[in-house]
Amino acid sequence: MSETFFEVAGLNTWFFTRAGTFKSVRDVSFSLRRGEVLGIVGESGSGKSVTGMSIMGQVDEPGRIVSGSIQLDGEELTTLSFDQMRHYRGRRIAMVFQNPLMTLNPLMRIRDQMFEAISEHESMPQAEMQSRCIDALRSVGIPSPEDRLSAYPHELSGGMRQRVVIAIALLLNPDLIIADEPTTALDVTIQAQIIHQMRRQIDERGLGMIWITHDLATLSELADRILVMYAGAMMETGTTADIIGSPRHPYTRKLLESVPSLNVPGEKLRQIRGSMPSLLSLGAGCPFRDRCEFATEACAEIVPERVFSPTHRVWCHHPIEDER
Ligand SMILES: Nc1ncnc2c1ncn2[C@@H]1O[C@H](COP(=O)(O)OP(=O)(O)OP(=O)(O)O)[C@@H](O)[C@H]1O
Ligand SMILES: [Mg+2]
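Residues numbered from 1 in each chain as written. Chains lettered and ligands numbered in written order. Predicted model: local features only at pLDDT ≥ 70, side-chain atom pairs only at ≥ 80, totals over all residues. Heavy atoms only, no water.

With an unreviewed UniProt entry as reference, the protein is termed ABC transporter ATP-binding protein, source organism Devosia ginsengisoli. According to the UniProt record, the Subcellular location (unreviewed entry) comment for the protein reads "Cell inner membrane". Per UniProt, the protein carries the Sequence similarities (unreviewed entry) text "Belongs to the ABC transporter superfamily." (UniProt positions renumbered as here; feature names shortened; annotations may be inferred.)

Structural data, given as structure tokens:
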């Protein structure tokens, strides 16, 4: 297995608003090897996107990285200026968002947008740029890529637009791609095709990938490892088999029970009762305790880390030891 090339340690990203401090990402740590997909899963507001934006060096005001380290091949990214980060963005770390129109300019042909993405970091003859673009489009399953190059974004279907965005992310052969709900808006058939093609690109190019989603079913197909987040904190992390096959955190178990295709046949699908606590008033205790059927008074205390195996870790006072 290849070496770790990317590492996030003790990341805290907070938003300082007039209403108070929103602790959106609290003490999050993970690492990634080449050719590996880490899925980050959690309900809306759990801090997934802020984690991605922190890595990209693009946390919006009034937010900032308060502490922690983000290293790519041993180089610290959190201390780089916005301009210094420009060198990494696109070239070594690329991001794909849920809405392709956040990336694509509606007034520019696909060719010009792709050329621009390349020339920001590298100079090469037009013909070489053209063939690199065609290769990238083909690698994500776009038929007759030559013709698509002269299209405007609105002339393509939603699925095709998202493939173009992924092709742009692949253009400069980055080390890491962060994909934030990239297929959520697409229908399931297209979603499955794109996931299949992504997995192939990751394996062939040896990229690392962080796939952010609220959908554990997608991760069961794509991810090597999964990090479950809740209210900005890590709840559980493990291999996909650890998380889907033997979840140890009551929250992970609840998430799984709410996914139709992963649910035990015959069992009822269950919504998780209640809602996430305010990120303004989080103490040291488990943020899930108010919604957890196993919670005791102890859960208001600092949450211990429980190590179930070299790959499987859980932050919980009362993890599921074995079938209860
Ligand atoms: N610009 C901002 N100003 C203030 N607070 C913010 C800002 N952006 C994010 N937050 C806070 O961070 C929390 C986590 O946001 P984030 O976008 O990371 O959630 P998410 O897990 O990606 O959710 P979703 O599944 O809905 O995309 C938000 O609920 C909000 O409280
Ligand atoms: Mg998000």
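S.K.: Would you take a moment to explain unusual backbone geometry for this structure?
M.R.: Negative phi is the rule for most residues except glycine; trans is the rule for most peptide bonds. Look at the link from Glu61 to Pro62: it is a cis peptide, with omega at 0°. By the element assignment, Pro62 lies in the loop between α1 (48-56) and β4 (63-72). Here Asp27, not a glycine, exhibits a phi torsion of approximately 55°, which is positive. Secondary-structure assignment places Asp27 in strand β2 (residues 20-33). In this structure, Ala231 is a non-glycine residue whose phi angle is positive, near 45°. (Helix = DSSP H or I, 4+ residues; strand = E, 2+ residues; numbered from the N terminus.)

S.K.: Just checking my understanding: could you explain the layout of surface pockets for this structure?
M.R.: Which parts of space are left empty comes out when a probe the size of a water molecule is rolled across the atoms. If you add up the space inside the largest pocket, you get close to 720 Å³. Lining of the largest pocket is provided by 24 residues; of these, Gly90, Thr103, Ala117, Glu120 and Ile168 occupy positions nearest its centre. Elements that contribute at least two residues to the lining of the largest pocket include exactly α1, α2 (82-86), β6 (93-96), α3 (110-119) and α6 (158-170). Looking at the lining of the largest pocket residue by residue, the class counts come to 14 nonpolar, six polar and four charged. (1 Å grid on protein atoms, 1.4 Å probe; cavity = no way out; pocket = protein on both sides within 12 Å on 5 of 7 lines; lining within 4 Å. Points joined across faces, edges and corners; volume = space filled by probe spheres on them. Nonpolar A, V, L, I, M, F, W, Y, C, P; charged D, E, K, R; others polar.)

S.K.: For this particular structure, what's the right way to read the environment of Pro250?
M.R.: Relative to the assigned elements, Pro250 resides in helix α10 (residues 250-257). Along the chain, Pro250 and Cys292 lie 42 residues apart, while their C-alpha atoms are 6.9 Å from each other. With sequence-adjacent residues up to four places away left out, Pro250 is seen in contact with Phe288, Cys292, Phe294, Cys316, His318 and Ile320. (Contact = heavy atoms within 4.5 Å.)

S.K.: Honestly, the side chain of Ser54 in this entry has me stumped. Any pointers?
M.R.: Mapped onto the secondary structure, Ser54 falls in helix α1. At a separation of 2.6 Å, a polar atom in the side chain of Ser54 contacts the main-chain carbonyl oxygen of Val50. Not counting residues up to four positions away in its chain, the partners in contact with Ser54 are Leu11, Thr13, Val59, Ile65 and Ile70. (Polar contact = N/O pair within 3.5 Å; in protein donor to acceptor, adjacent residues only side chain to side chain.)

S.K.: I tried to follow the UniProt feature "domain: ABC transporter" (unreviewed entry) in the protein on my own but got confused; where do I start?
M.R.: On the UniProt side, "domain: ABC transporter" (unreviewed entry) is annotated at positions that read residues 8-256 here. Across residues 8-256, the secondary structure splits into 37% helix and 28% strand, with the terminal C-alpha atoms separated by 26 Å.

S.K.: I would appreciate a short explanation of helix α7 (residues 188-205) in the present structure.
M.R.: For the α-helix, the turn length of 3.6 residues means that residues three or four positions removed from each other point alike. Across its 18 residues, α7 extends 25 Å between first and last C-alpha, which sits within 8% of the 26 Å expected from 1.5 Å per residue. Tucked inside the fold, the buried residues of α7 contact β3 (37-41), α4 (126-139), α6, β8 (208-213) and α8 (216-222). A distance of 3.1 Å separates the backbone nitrogen of Thr189 from a side-chain oxygen at the start of α7, and that oxygen is part of Asp187. Looking one or two residues beyond α7, the residue adopting positive phi is Gly206, at roughly 65°. (Expected span 1.5 Å × (residues − 1).)

S.K.: How do you make sense of empty space enclosed by the protein when you look at a structure like this?
M.R.: Within this structure, the stated rule accounts for one cavity of 30 Å³ or more. Of the volumes computed, that of the largest cavity is approximately 40 Å³. Around the largest cavity, the lining residues are His249, Cys286, Arg289, Cys292, Cys299, Cys316 and His317.

S.K.: Got a minute to help me understand the pairing of strand β1 (residues 4-17) in this structure?
M.R.: Side-chain positions along a regular strand alternate between the two faces of the sheet. Judged from the ten bridges that link them, β1 and β2 form a sheet pairing that is antiparallel. In the sheet register, Thr4 faces β2, and the bridge partner there is Arg33. As consecutive antiparallel partners, β1 and β2 are separated by two residues. Relative to β4, β1 runs antiparallel, the two being bridged by eight bridges. (Pairing = 2+ DSSP bridges.)

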